[in-house]
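# Inside the fold
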Amino acid sequence: RMTAAPNQKEMENLAKLLESEGVKSQEDLENLYKRLLNQEQQKTSYGKDGKPILDGEGGCYVTPSPGFVVKTKDSSGGKVFVNMCSHELVDPPEEKAIPDSEEKGIRVPLSLGPPREDFDRSGGICQVYDIIWNPESVDKATQDPMFRQLMIELAFAHIEQKKNHKLTLKYTIPKMKYKGKSVEPQRNTKESQQNRKELKERKLQKLKN
């Protein structure tokens, strides 16, 4: 079937897209096509209530909102960036009783995505992780340094546990909301949120103040 040729405006938009994505070769074009196709396949379906429709495994792909970035190094000295993102599908933090104790703790759910390679400002290769939290958690982290420290410790511990990738707690918070050209969709399930940090009651009280 014959299709209409793109008009001048469409050609200009295509040229801008290719330039913005840094397409300079056939390989770059193929990688861009694969990424766009992958993003299209990962689009989340939403119900009439505006909430994502979960699949048979109780999960779905979501595109989180950027929050803040943590820059650190791993045990071998390689640079690592952790994007602290948010989406309402991830449960908010909650207080929990510590078993066999009169003290209370706090549970902060998160969802960890797969690592990917990127480049730092000098062109060196670095590793990037996306972690999704509830918006309430990210908002609190931007206002409360102690809670932010808790989130970062949780993130690093979860990366080490799930990916066997140990990160140093000597980190910085660069002035960026997201490391990467665009926010990556991520599959989220209730199982991926299973993570908790128990704090002594006096420390929890400090987090409230």
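Let me begin by describing the structure that accompanies this report. (Residues numbered from 1 in each chain as written. Predicted model: local features only at pLDDT ≥ 70, side-chain atom pairs only at ≥ 80, totals over all residues. Heavy atoms only, no water.)

## Some words on the nonpolar core
The biggest cluster of nonpolar side chains holds 23 residues, and the ones touching the most others in it are Val82, Met84, Ile131 and Trp133. Elements with a contribution of two residues or more to this core: strand S2 (65–73), strand S3 (79–86), strand S8 (125–133), helix H3 (135–143) and helix H4 (145–163). Take this core: its biggest share by element is eight residues, from H4. Residue contacts for Trp133: discarding those within four places in its chain leaves Met84, Cys85, Ser86, His87, Val90, Val108, Pro109, Leu110, Val138, Met151, Leu154 and Ala155. (Core = buried A, V, L, I, M, F, W, Y, C linked by side-chain atoms within 4.5 Å. Buried < 20%, exposed > 50% of the residue type's maximum accessible area, 1.4 Å probe, protein only. Helix = DSSP H or I, 4+ residues; strand = E, 2+ residues; numbered from the N terminus. Contact = heavy atoms within 4.5 Å.)

## Quick notes on the pattern of salt bridges
Scanning the entire structure with this criterion turns up five salt bridges. A salt bridge links Lys79 to Asp120, with the shortest nitrogen-to-oxygen separation between them at 3.1 Å. In this pair, Lys79 is assigned in strand S3 and Asp120 in the loop between strand S7 (116–119) and S8, connecting sequence segments 41 residues apart. For Lys79, a relative accessible area of 28% translates into the label partly exposed. Here Asp120 falls in the buried class, since its relative accessible area comes to 12%. Across the pair Glu160 and Lys166 runs a salt bridge whose closest N-O atoms are separated by 3.7 Å. For Glu160, a relative accessible area of 34% corresponds to the partly exposed category. By relative accessible area, which is 46% here, Lys166 ends up partly exposed. (Salt bridge = Lys/Arg side-chain N within 4 Å of Asp/Glu carboxyl O.)

## Some thoughts on the pairing of strand S5 (residues 104–107)
In this structure, strand S4 (residues 94–97) lies alongside S5, joined through four bridges in antiparallel fashion. Directly across from Glu95, in S5, lies its bridge partner Ile106. In this antiparallel pair of consecutive strands, S4 and S5, the connection spans six residues, and Asp100 shows a positive phi of 60°. (Pairing = 2+ DSSP bridges.)

## Quick word on the packing of H3 against H4
It is the contact of H3 with H4, at a shortest axis distance of 6 Å, that shows an interaxial angle of 125°. Considered as vectors, H3 and H4 are oriented oblique to each other. Between H3 and H4 lies a crossing whose hand is left-handed. Here Ser137, Val138, Lys140, Ala141 and Gln143 of H3 lie close against H4, whose contacting residues are Pro145, Phe147, Arg148 and Met151. (Axes fitted to C-alpha atoms, helices over the stretch in contact; angles between N-to-C directions. Parallel < 35°, antiparallel > 145°, perpendicular 65-115°, else oblique. Left-handed = near helix turned anticlockwise from the far one by under 90°.)

## Focus: H4
Taking 1.5 Å of rise per residue, the 19 residues of H4 would be expected to cover 27 Å, and the 26 Å separating its terminal C-alpha atoms lies within 8% of that figure. The N-cap residue of H4 is Asp144: its side-chain oxygen and the backbone nitrogen of Met146 are 3.0 Å apart. In the stretch just after H4, Asn164 is the one whose phi turns positive, near 55°. (Expected span 1.5 Å × (residues − 1). Polar contact = N/O pair within 3.5 Å; in protein donor to acceptor, adjacent residues only side chain to side chain.)

## Digging into the packing of aromatic side chains
The full count for this structure, using the stated rule, is one aromatic pair. Between Phe156 and Tyr171 the ring centres are 6.4 Å apart and the planes differ by 85°, which places this aromatic pair in the edge-to-face class. Pair noted here: Phe156 is in helix H4 and Tyr171 is in the loop between H4 and strand S9 (186–189), with a separation of 15 residues, a long-range link. On the accessibility criterion, Tyr171 (23% relative accessible area) is partly exposed. The lysine or arginine in question, Lys179, covers the ring of Phe81, its NZ or CZ lying 4.9 Å from the ring centre. (Phe/Tyr/Trp six-rings, centres within 6.5 Å; stacked < 30°, edge-to-face > 60°. Lys NZ or Arg CZ within 6 Å of the ring centre and 35° of its normal.)

## Focus: the side chain of Gln186
Along the chain, the position of Gln186 falls in strand S9. In terms of polar contacts, Gln186 uses its side chain to reach the backbone carbonyl oxygen of Ser111, at 3.0 Å.

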